[in-house]
Every structure is written in structure tokens, then in C-alpha cells.
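Given next are the chains, with one letter for each unit.
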Amino acid sequence: MSTIADNIALVSSRIQAATAAAGRAENSVQLLAVSKTKPAEALREAYTAGLRDFGENYLQEALGKQLELADLPLIWHFIGPIQSNKTRAIAEHFDWVHSVDRLKIAQRLSEQRPADLPPLNICIQVNVSGEASKSGCTPADLPALAAAISALPRLKLRGLMAIPEPTDDRAEQDAAFATVQKLQASLDLPLDTLSMGMSHDLESAIAQGATWVRIGTALFGARDYSQS
């Protein structure tokens, strides 16, 4: 049985190889461990193996883990769909939010971010494949949304996040991620983050400019959603 530390080493070498193949600077891509449905002990094991950034989709589950792991200097990323009644807790307990897709949510996060905390790092989720089942703003709505969010206090707009329609076809993967990169480049804003790529397509995402890859299964194994 491979351990979480073994899996981290394997994923890290994939990231390093993909970064080199793309001709990008070493350490220009960061690993976000997607820890939804995984117990706090698994996150502690990943921390011991060197990880600091953890992505959670479910607020109550995440808050419980934050309490259990309060002795560790972890960086918490919220990466799931956001309901209006969850914004205060997200604003108070997370360092990053990757899944903002409408202005109302950004405004609530801005108003509810405690003044004693640094600005909340924000990525706008774009529905690049136009899937009805996925969250995210449309590419057409992106420029106005980005401009509005960038003007809000207590938030720092960092870039875009996308979850393209899954495919094993590398050309299709490349095309979807390239679209996200072009959308970001078209915004006249000082953005530095592209959150895209998962266990099955991280090489393509890195080739197209990803700065965060969000990896769950390849680190922690298959998820048990009965616990979430």
C-alpha cells in the first residue's frame, strides 16, 4: 500500500516534469491538496510530508477539520460552490476562495472578511465548457465580473479557476485550458493565478499556464462520499 507521502512524491515529480516540459520556471506550479471527505488524520499525514495548502468543498466538514488541526499552520482554500448563507464562515476561516462565480457572493465575502485578517485571495470560477451541471460564470460575463470584484475592499482578485469537461483526449484538454489562459490574459488586471488541472489532466493544465493544480485522488485515494 502506498502512503500519502509516497503519493505526494509521485505527484510532485509529475508536476516538476510537466513544468520542465513546458519550459516554465521551477516551483512556478503549486500543489493544492483536495482533502474533501478525507479525515483530519490524512491531512496531518500530508502536512508531515510537506504539504501546507488544503482545498475543501464542504463548509461544515472543513470547519471541523480546521478545529482538529488548529495546531498546524495550514493554508485553507475553499473550492466548492458557495451559498449566500455560507459566506460569513468562509470569509472568516479561509485564506483563498477559488469558486466565486457571481458578484453577490464576492460582495458578501468582502463585507464579512474580518478587518484583522489579510485580504481574502479570490479566483473567479469560469464555466469554460458550458456545462449546465457546473458552477462558474460564462466567458461573456467574466470581464464585468472581474472588474467589479477587483474594486471590492478586503478581497484580492488573484485569477481564474476552471474545471473543464473531463476528457482523456490531450488535444481537448489543451484547448480548454488554453481558453482559460486566454480569458485571463484578456483582462486588464494584475492577475497571477490560474487554478486548473486535477489528477488526470495536470500535465495539460501546466502546459497551458496553471499555477495551482488541485489534486485529490492521486494523493489520498478514491473518495467516500457517504461521509460528506
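So, here's what we can say about the structure. Note that the structure is predicted; figures quoted are calculated from it, not measured.

This part covers the packing of aromatic side chains. In the structure shown here, the tally under the stated rule is three aromatic pairs. Arranged with centres 6.3 Å apart and planes meeting at 45°, the rings of Phe-54 and Trp-76 form a pair that is tilted. With Phe-54 in strand 2 (residues 53-56) and Trp-76 in strand 3 (residues 75-78), this pair connects stretches of sequence that are 22 residues apart. For the pair formed by Phe-54 and Trp-76, the shared burial category is buried. For the ring pair Trp-96 and Trp-212, a centre distance of 5.7 Å and an interplane angle of 80° mean the geometry is edge-to-face. In this pair, Trp-96 sits in strand 4 (residues 96-100) while Trp-212 sits in strand 8 (residues 212-215), placing the two residues 116 residues apart along the sequence. The same class applies to Trp-96 as to Trp-212, namely buried.

Estimates place the volume of the largest pocket at around 410 Å³. Taken together, 20 residues make up the lining of the largest pocket; nearest its centre are Lys-36, Asn-57, Ile-79, Ile-163 and Met-198. Per-class residue counts for the lining of the largest pocket are eight nonpolar, eight polar and four charged. The calculated volume of the second largest pocket comes to roughly 330 Å³. Mapped onto the lining of the second largest pocket, the elements with two or more residues apiece are helix 1 (4-21) and strand 1 (30-34). Per-element tally for the lining of the second largest pocket: the top contributor is helix 1, with five residues.

On to unusual backbone geometry. Even without being a glycine, Thr-37 presents a positive backbone phi close to 70°. Overall, the relative accessible area of 11% leaves Thr-37 in the buried class. Even without a glycine there, the phi angle at Arg-154 is positive, about 70°.

This part is about helix 5 (residues 103-112). Listed as buried for helix 5 are Ile-105, Ala-106, Leu-109, Ser-110 and Gln-112. In the core, the buried residues of helix 5 are packed alongside helix 4 (87-93), strand 4, strand 5 (120-126), helix 6 (142-150) and strand 6 (155-162).

Counted under the stated rule, the structure contains seven salt bridges. For the salt bridge of Arg-44 with Asp-71, the shortest nitrogen-to-oxygen distance reads 2.9 Å. Here Arg-44 is found in helix 2 (residues 40-48), whereas its partner Asp-71 is found in the loop between helix 3 (59-68) and strand 3, with 27 residues between them in sequence. Taking relative accessible area as the criterion, Asp-71 reaches 53% and is therefore assigned exposed. Two residues, Lys-65 and Glu-61, come together in a salt bridge whose shortest N-O distance is 2.6 Å. Here the residue Lys-65 and the residue Glu-61 both occupy positions in helix 3, the gap between them amounting to four residues, near one helical turn.

About the criteria used
- Residues numbered from 1 in each chain as written.
- Predicted model: local features only at pLDDT ≥ 70, side-chain atom pairs only at ≥ 80, totals over all residues.
- Heavy atoms only, no water.
- Phe/Tyr/Trp six-rings, centres within 6.5 Å; stacked < 30°, edge-to-face > 60°.
- Helix = DSSP H or I, 4+ residues; strand = E, 2+ residues; numbered from the N terminus.
- Buried < 20%, exposed > 50% of the residue type's maximum accessible area, 1.4 Å probe, protein only.
- 1 Å grid on protein atoms, 1.4 Å probe; cavity = no way out; pocket = protein on both sides within 12 Å on 5 of 7 lines; lining within 4 Å.
- Points joined across faces, edges and corners; volume = space filled by probe spheres on them.
- Nonpolar A, V, L, I, M, F, W, Y, C, P; charged D, E, K, R; others polar.
- Contact = heavy atoms within 4.5 Å.
- Salt bridge = Lys/Arg side-chain N within 4 Å of Asp/Glu carboxyl O.

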